[in-house]
Amino acid sequence: MPPTPRLEVGATAPAFSLPDADGNIVKLSDYKGRKVIVYFYPAASTPGCTKQACDFRDSLAELNGAGLDVIGISPDKPEKLAKFRDNEGLTFPLLSDPDRKVLTEWGAYGEKTMYGKTVQGVIRSTFVVDEKGKIAVAQYNVRATGHVAKLRRDLSV
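Heads up: these notes are all about the structure in this document. None of the values given here were measured: they were computed from a predicted structure.

Cut-off values and rules
Residues numbered from 1 in each chain as written. Predicted model: local features only at pLDDT ≥ 70, side-chain atom pairs only at ≥ 80, totals over all residues. Heavy atoms only, no water. Pairing = 2+ DSSP bridges. Helix = DSSP H or I, 4+ residues; strand = E, 2+ residues; numbered from the N terminus. Axes fitted to C-alpha atoms, helices over the stretch in contact; angles between N-to-C directions. Contact = heavy atoms within 4.5 Å. Salt bridge = Lys/Arg side-chain N within 4 Å of Asp/Glu carboxyl O. Buried < 20%, exposed > 50% of the residue type's maximum accessible area, 1.4 Å probe, protein only. Arc of directions from axis to C-beta.

It is worth spelling out the sheet that holds strand β4 (residues 68-74) at this point. Read from one edge of the open sheet, 5 strands run β5-β4-β3-β8-β9, paired in mixed fashion. Bordering the open sheet on either side are β5 (94-96) and β9 (135-140), each of which pairs with just one other strand. On average, each strand axis in the sheet is tilted by 20° relative to the strand beside it, whichever way the strands run. In terms of strand pairing, strand β3 (residues 35-40) meets β4 through 6 bridges, oriented parallel. Residue pairing across strands places Phe-40 opposite Ile-73, the latter belonging to β4. Sheet contacts for helix α2 (residues 78-88): β4 and β5; angle to β5, the most-contacted strand, approximately 165°. Along the sheet face, helix α4 (residues 147-154) touches β3, β8 (125-129) and β9 and points at about 150° away from the line of β9.

Structure follows, in structure tokens:
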């Protein structure tokens, strides 16, 4: 299988239109004129993904204060995302991409190494999209723990 193409800084962020945890459609274009962090994670309610989501939740006031919104995207169905959101008190949109189309377009789905084996799956990735819809930051294979703190340092937030 060929490697998954990756987005580069300066590229136009691929448009998306996905259902959130309540089934409402959220589009990247809804954030035009604002900066938005779009992060991709493998599965709601798993230890690493919960830690990462809670880190974003706990940093949301500072991120929002710096003009950054946050969106999380996974292959989970909206019902599972709603349970995850409610259990963890998450206050930013969680979007459902069960066919992995958006994950693939953003380079966040493909071949990865897990426990020493090569598998197909979600590549934990984080992007910052600027006000004009361009990729300002593209990070692949990020760690669930400590990632948000590093991102905040990188963005001086």
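So, on to the pattern of salt bridges. Counting across every chain of the model gives 8 salt bridges. In this structure, Arg-85 engages Asp-86 in a salt bridge whose closest nitrogen and oxygen atoms are separated by 2.9 Å. Judged by relative accessible area, which is 53%, Asp-86 ranks as exposed. Connected via shared salt-bridge partners are Asp-22, Arg-85 and Asp-86.

Moving on, we come to α4. Among all positions in α4, only His-147, Val-148 and Leu-151 are buried. Along α4, the residues classed as buried sweep out an arc of 95° about the axis, all on the same side. Where α4 is buried, its residues touch β3, α1 (47-65), β8 and β9. With its phi angle positive at about 55°, Ser-156 sits one or two positions after the end of α4.

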